[in-house]
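The residues making up each chain are set out below.
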Amino acid sequence: MRYLYHAMRMQLKCAAQYRASFLMQSIAQCVMVGGDLLAVTVLMNRFRGLGHWSAEEILFFFGVMQLTFALCECFGRGISNFSYYIGGGEFDAMLLRPQPLLVQMIGNRLDARRLGGMLVGGAALAMACLRLRLHWTAGKALLLALASLGSFFLILGLFLIEATVSFFSVKSIEMVNVLTYGGRQACQYPVDIYPRPLRLLFTWVAPFALCMHLPVSVILDKPLMDVPIWQVYAAPLAGFAFFAVMALVWRRVGVTHYRSTGS
Amino acid sequence: MKKQTIRPYLTAFRIRALLETQYRGAALGGVITQAFFGLVLAYLYTALYAGGDPAGLRDTVTYVWLQQMFFRVLMTSDSELQNQIMTGSLAYTLCRPVDQHAYWVCRDLAAQWVGALMRMVPMIALQFILPLEVRMALPESPAAFLQFLLSLSLGVACVAQIHTVTSAITMKTLDSRGFSGMISLLMMILAGNIIPLTLFPETVQALLRYQPFAQALDAPIRMYQHAQGTAEFSISLAAQLAWLAVLTAGGRALWRQHLRSITVQGG
Amino acid sequence: MAFLEAERLSKTYVRRLKPTSGGPSRLWRRDTQRIFALQDVSFSVEKGELVGILGPNGAGKSTVVKLLTGILTPTEGVCHVDGRIPWQERREHVRHLGVVFGQRTQLWWDVPILDSFELLRDVYNLEPAAWKRRLDEMTDALDLGGFLRTPLRQLSLGQRMRAELCGSLLHEPALLFLDEPTIGLDAVSKLKLRSFLREENAARGTTILLTTHDMEDMLALCRRVLVLGHGRLLYDGALDALLRRYDTVHVLRCAYEGPCDLSGLPQGVALERDGDSYVLSFAPAEVETGKVLSWVLACGRLREMTLKEQNVDQLIARMYQEMSL
């Protein structure tokens, strides 16, 4: 733990060495998420809502997704850019350190530029809250935290699939991108607008519905599923489970493959 | 004499086209990604239109699919050029007795066309197995299709010129990551890839239709959906041609200026 | 059991080939080729030994290092380092392991090297007091004091290598791998580095395995070498014995002022005349160099003389040639 903290601080120090470039790239991140925000705003302006969701509610979903995703890109860059480490020999260096590999991957690459994305996502969320005049309770705040945390690990799990694939072929990364960026694109809207196959995919395979949409829908007082409230609180656990499974696959399939074939 | 001068560019086109056919893995990855995005967007619009007047749904879904199908056209495609700029080895290619700007445009065009054609075939095949409600429509009429093809060729040429302008700016700033990320995002939005330009408020649309990025795919897609009358068609083509001329002239000027500064500074 | 024991290590890669011919089936056909990176390599190293690994590029040196460090697992065979199998107990194994790659840095590029060392303290979970003591010691020995607070990227190559060494020794590893540690260094830096390594080895009994193309390193540091070629272990033994085996001819060229008496040429020396100078060649294994020299001096008034030893690099080149590498 002390190692992780120290390693991340080190990353910030490194980034601080190139202040101008860092600032530029943070702004670029702002603009990029801002582009998505613009898209949602234009759509909501044209259609006034989506299914039984109001424009503000859609903005709320959008904010949660962008904020969480930017957090993942910030802390999980070592996982999402894993194919570079294999090519560049950095993974070998990680194998030579007596710290868990996943901890090293997270600690070695803190991408603070994603703060830009977080800001825009957070602003969208705040704006939605203001317009919705949500009645906040401790339970709802807890739900929001759980939803973010669960989705955070779910997305890291998706990154891990990419990382596992990159042990086998660096070229097929593009194909796996669909999981992460496709997941973000599709699930920034509540899952109930999609037909059954996509709903099943996002509920039971990549469980954005459980981690994010169900708790958020309860916060908005429009529950997606008719389930007891404790199950709503428990649903984000699906994200942790997803991450755990993918971490195991990464280790057992990916790392083992690497060590037996080498590079 | 004429034939001799054009040959290097044809060869550049041919070699880059052949190279593009080697990237089958990337093409497959692109098809899967674009198909997924297309499907998600098609269902999103189905849900959006379900709330009110469903009149424009078919057009919007078709718009989405055509955008996904020709997505390759928009991508800054020649990583070779980016590499050469960043590593500074572009200075070496100056030794070749060809027009640099035209040479790289030929390569870019080859990558765009061949890449797009490779992705188009499976994307069209996909349409036959999709559920009816998210399938794209056929062109409105043969005339509409012809207009579309003509406009598309001009559009692709426009994008190739936009690429040369952006790479000229990269040459100056030498910071490819932040900048090209922003440019490609701008391109995606303004070309109508993220949301169809037809969905923007009417007031903005008048402006959006005639900005350079809209010439790439938005203009041809509008023709695919509705054959245009002579007047509208001429205006549309004129806009494309005008942008093509402006971008080409601007790109050439920027390149010439930069390449001269290389030779002056000696790299 | 020895400190480090490698038993019949083999490593085979399967490489996929892009089919270049063969009609439409080449779109999905996969041709493969087996590459033997290492075949049946066994050796053992005692604690405190300093062993060099020699071999041309592609001989399997880095595969051996990757297997012993636990980065890779062998296709066949096993090795034990201090009783542990590297790839099975990775974290415990690397805790007692130091690695320096001459061409790749393990420290952080943009921050002062002291910051890197502090992070390494946490990476290896070292006691702060013990870490401080060790750091001071290394700072003295490697003369790092002047640039502890300078970012790595601003250091010269020699300073950088010393910093790397410090970084890899802070946790007092029992086993140290050095991969081309002197590559690109100037003569003074090389000498300093060598003497530091000798001292580290003598004072702490750190076992050191060294791969290098620089024969001077080998001569200065290692008494024992392993020679690898085409993935096989070709030689395991003393370095000077190996050199003697390929060391054939010394050439001595001399010229005299005035008359000279060239009688009584020692046995085994060939004499040739070249203009106004004489060229003597002999095998140092058969004729003592000193004996030849004193004969040359006795012959007359010497104007000039040069003795050419065959250079070690040439020797190694010949050795590789003879082993048909």
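### Details of the interface of chain B and chain A
Then step 1. Taken residue by residue, the interface counts 29 residues in chain B and 34 residues in chain A.
Then step 2. Here chain B and chain A share an interface that buries about 2800 Å² over both sides, 79% of which is from carbon and sulfur atoms.
Then step 3. Taken as a group, Phe36, Leu48 and Met182 of chain B account for 20% of the area that chain B buries against chain A, more than any other trio of residues on that side.
Then step 4. The interface formed by chain B and chain A holds 0 salt bridges in total.
Then step 5. Between the two partners, chain B and chain A, sit 0 residue pairs in polar contact (both at pLDDT 80 or more).
Then step 6. Contributions of two or more residues to the side of chain B that touches chain A are made by helix H2 (24–50) and helix H9 (176–190) of chain B.
Then step 7. Sort the elements by how many residues they give to the side of chain B that touches chain A and H2 of chain B lands first, with 17 residues.

### Here's the deal with the environment of Ser62 of chain C
Then step 1. Tracing the sequence through the fold places Ser62 of chain C in helix H1 (residues 61–69).
Then step 2. In sequence terms Ser62 of chain C and Asp136 of chain C are 74 residues apart; their C-alpha atoms lie 32 Å from each other.

### Side note on the interface of chain A and chain C
Then step 1. Listed as interface residues are 30 residues of chain A and, on the opposing side, 34 residues of chain C.
Then step 2. In this assembly, chain A and chain C are joined by 3 salt bridges.
Then step 3. Residue Asp122 of chain C is joined to Arg2 of chain A by a salt bridge in which the shortest nitrogen-to-oxygen separation is 3.0 Å.
Then step 4. For the pair chain A and chain C, the number of links is 17 residue pairs in polar contact (both at pLDDT 80 or more).
Then step 5. Counting residues per element, the ones that place at least two in the side of chain A that touches chain C are helix H1 (2–16), helix H6 (90–95), helix H7 (101–107) and helix H14 (237–261) of chain A.
Then step 6. For the side of chain A that touches chain C, the element with the highest residue contribution is H1 of chain A, accounting for 8 residues.
Then step 7. Taken together, the residues that form the side of chain A that touches chain C break down as 12 nonpolar, 12 polar and 6 charged.

Quick notes on the rules
Residues numbered from 1 in each chain as written. Chains lettered and ligands numbered in written order. Predicted model: local features only at pLDDT ≥ 70, side-chain atom pairs only at ≥ 80, totals over all residues. Heavy atoms only, no water. Contact = heavy atoms within 4.5 Å. Buried area = accessible area lost by both parts, 1.4 Å probe. Salt bridge = Lys/Arg side-chain N within 4 Å of Asp/Glu carboxyl O. Polar contact = N/O pair within 3.5 Å; in protein donor to acceptor, adjacent residues only side chain to side chain. Helix = DSSP H or I, 4+ residues; strand = E, 2+ residues; numbered from the N terminus. Nonpolar A, V, L, I, M, F, W, Y, C, P; charged D, E, K, R; others polar.

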